[in-house]
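Observations on the three-dimensional arrangement
Residues per chain are reported as follows:
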Amino acid sequence: MPDTPHPAVDAPPVMFVHGLWLAASSWDPWRTRFGEAGFHTLAPTWPGEAPNVTDTREHAADQAGYGIDEVTAHFAEAIAPLDRKPIVIGHSFGGLVAQKLLAADVAAAAVAIDPAQIQGVKALPLAQLRSTFPVLGNPANAKRTVTLTPDAFAYSFGNAIDRSESDEIYDHWTIPSPGRPLFQAAFANLLPGSPTHVDTTAPRGPLLILGGGQDHAVPESVSRSAHHRYRKATTDNDYIVLADRGHSLTVDHGWPDVAETVLDWLARKGFGAPVTH
């Protein structure tokens, strides 16, 4: 993986955290681009996830039962051996994990791309309900791993791209994932001590939330509501809307534009060199 930094850039490492149904290796193009920009990178698998897509699909049950707290602790363990706090970039449930790690002050900065809702977010658009029904429609899925069908993936992830591209992404990057995080998010505002809780006023580094304007899985109103939860924070919190993007924005043909948006923001916050276009 070409992630050797440019010697002129002194920047923290970047840790990428994927969400449900996309493999850790789906970050490979981002790791290449961030390596070119001067960052060491890492993209750990989730608990129970195999190093490659084929093995993860063949051993789906290995991920069953893992929830948000266990996943967050898993990535905190991946941070522990590093010689400095990393920048954490997460997508979907990885974006929620990124916020939790930032609030715990084990990250230097965080970028949450179309993040799963944190506790206190009340927005619940119909598109999101339809996206989550294949999992939440069967309570037994809380203890299982779930594989999306191509149709479900196309609705939740690929609605803003051609179906042919959605199917290509599905074949190349998708994996089964635990259902438990979705159940935890669904009941976040009904139960005390939810693992989706994030201390939005904790002293910590800067945060960027990116919202996809066409996203069905995490509609833009959910991302915007998450950013609003930080309104009383004394720390640096930014929000950017990518109006024409869906939930596939980290892996579809437009991913370079999203990556450049993140690199631009990091440069403005003093991490790495300015991006030249």
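The shown structure was predicted, so the numbers you read here are calculated from the model rather than taken from an experiment. (Residues numbered from 1 in each chain as written. Predicted model: local features only at pLDDT ≥ 70, side-chain atom pairs only at ≥ 80, totals over all residues. Heavy atoms only, no water.)

Observations regarding the side chain of Asp 114
Here Asp 114 lies in the loop between strand 4 (109–113) and helix 5 (126–136). Buried charge without a salt bridge: Asp 114, with Arg 245 as the nearest opposite-charge side chain at an N-O distance of 8.2 Å. At 2.8 Å, the side chain of Asp 114 forms a polar contact with the backbone nitrogen of Gly 212. Sequence-distant contacts of Asp 114, defined by excluding residues within four places in its chain, comprise His 91, Ser 92, Leu 210, Gly 211, Gly 212, Asp 215, Val 218, Ser 223, Gly 246, His 247 and Leu 249. (Helix = DSSP H or I, 4+ residues; strand = E, 2+ residues; numbered from the N terminus. Buried < 20%, exposed > 50% of the residue type's maximum accessible area, 1.4 Å probe, protein only. Lys, Arg positive; Asp, Glu negative; His and termini not counted. Salt bridge = Lys/Arg side-chain N within 4 Å of Asp/Glu carboxyl O. Polar contact = N/O pair within 3.5 Å; in protein donor to acceptor, adjacent residues only side chain to side chain. Contact = heavy atoms within 4.5 Å.)

Focus on a positive patch on the surface
On the surface, a cluster of positive charge is made up of Lys 122, Arg 229, Arg 231 and Lys 232. Following the sequence through the fold, Lys 232 ends up in the loop between helix 9 (220–228) and strand 8 (237–242). Using a relative accessible area of 66% as the deciding quantity, one classes Lys 232 as exposed. (Patch = residues over 30% accessible without salt bridge, like charges linked within 9 Å, V, L, I, M, F, W, Y side chains within 5 Å. Areas by Shrake-Rupley, 256 points an atom, 1.4 Å probe, with all protein chains shown as cover. Charge placed at Lys NZ, Arg CZ, Asp CG, Glu CD.)

Considering the packing of helix 1 (residues 28–36) against helix 10 (residues 255–268)
Any two packed helices are characterised by how steeply their axes cross, that is the angle between the axes, and by the distance between the axes. One way to put it is that helix 1 packs onto helix 10 with a least axis distance of 11 Å and a crossing angle of 40°. With respect to helix 10, the axis of helix 1 lies oblique. Handedness of the crossing formed by helix 1 with helix 10: right-handed. For the pair helix 1 and helix 10, contact is made by Pro 29, Trp 30, Arg 33 and Phe 34 and by Trp 255, Val 258, Ala 259, Glu 260, Val 262, Leu 263 and Leu 266, respectively. (Axes fitted to C-alpha atoms, helices over the stretch in contact; angles between N-to-C directions. Parallel < 35°, antiparallel > 145°, perpendicular 65-115°, else oblique. Left-handed = near helix turned anticlockwise from the far one by under 90°.)

A closer look at the nonpolar core
Core analysis: the largest hydrophobic core is formed by 47 residues, its most contacted members being Met 15, Trp 21, Phe 75, Val 88 and Phe 93. Sorting elements by how many residues they give to this core places helix 4 (residues 93–103) first, with seven residues. Residues contacting Phe 93, with those up to four places away along its chain left out, are Gly 19, Leu 20, Trp 46, Ile 68, Ala 116, Pro 181, Leu 182 and Ala 185. Core analysis: the second largest hydrophobic core is formed by 27 residues, Ala 43, Ala 108, Ala 109 and Phe 271 among them. (Core = buried A, V, L, I, M, F, W, Y, C linked by side-chain atoms within 4.5 Å.)

Comments concerning helix 4
By the criterion of burial, helix 4 is predominantly enclosed, with 11 of the 11 residues buried. Among the residues making up helix 4, those that are buried are Phe 93, Gly 94, Gly 95, Leu 96, Val 97, Ala 98, Gln 99, Lys 100, Leu 101, Leu 102 and Ala 103. Next to the buried residues of helix 4 lie strand 1 (14–17), helix 3 (68–79), strand 3 (87–91), strand 4, helix 8 (180–186) and strand 7 (207–212). One or two positions beyond helix 4, positive phi appears at Asp 105, with a value near 65°.

A word on a nonpolar patch on the surface
Together, Phe 187, Leu 190 and Leu 191 make up a nonpolar patch on the protein surface, roughly 330 Å² of accessible area in all. Here Phe 187 lies in the loop between helix 8 and strand 7.

Let's talk about the pattern of salt bridges
Considering all chains together, one arrives at 10 salt bridges under this definition. Here Asp 105 makes a salt bridge to Lys 85, at a shortest N to O gap of 2.9 Å. Pair noted here: Asp 105 is in the loop between helix 4 and strand 4 and Lys 85 is in the loop between helix 3 and strand 3, with a separation of 20 residues, a long-range link. Judged by its relative accessible area of 36%, Asp 105 falls in the partly exposed class. Asp 238 is paired through a salt bridge with Lys 269; the nearest N and O atoms lie 3.0 Å apart. Taken together, the residues Asp 238 in strand 8 and Lys 269 in the segment after helix 10 connect sequence positions 31 residues apart. Judged by its relative accessible area of 27%, Lys 269 falls in the partly exposed class. What emerges from the salt-bridge pattern is a single network uniting Arg 33, Glu 36 and Glu 260.

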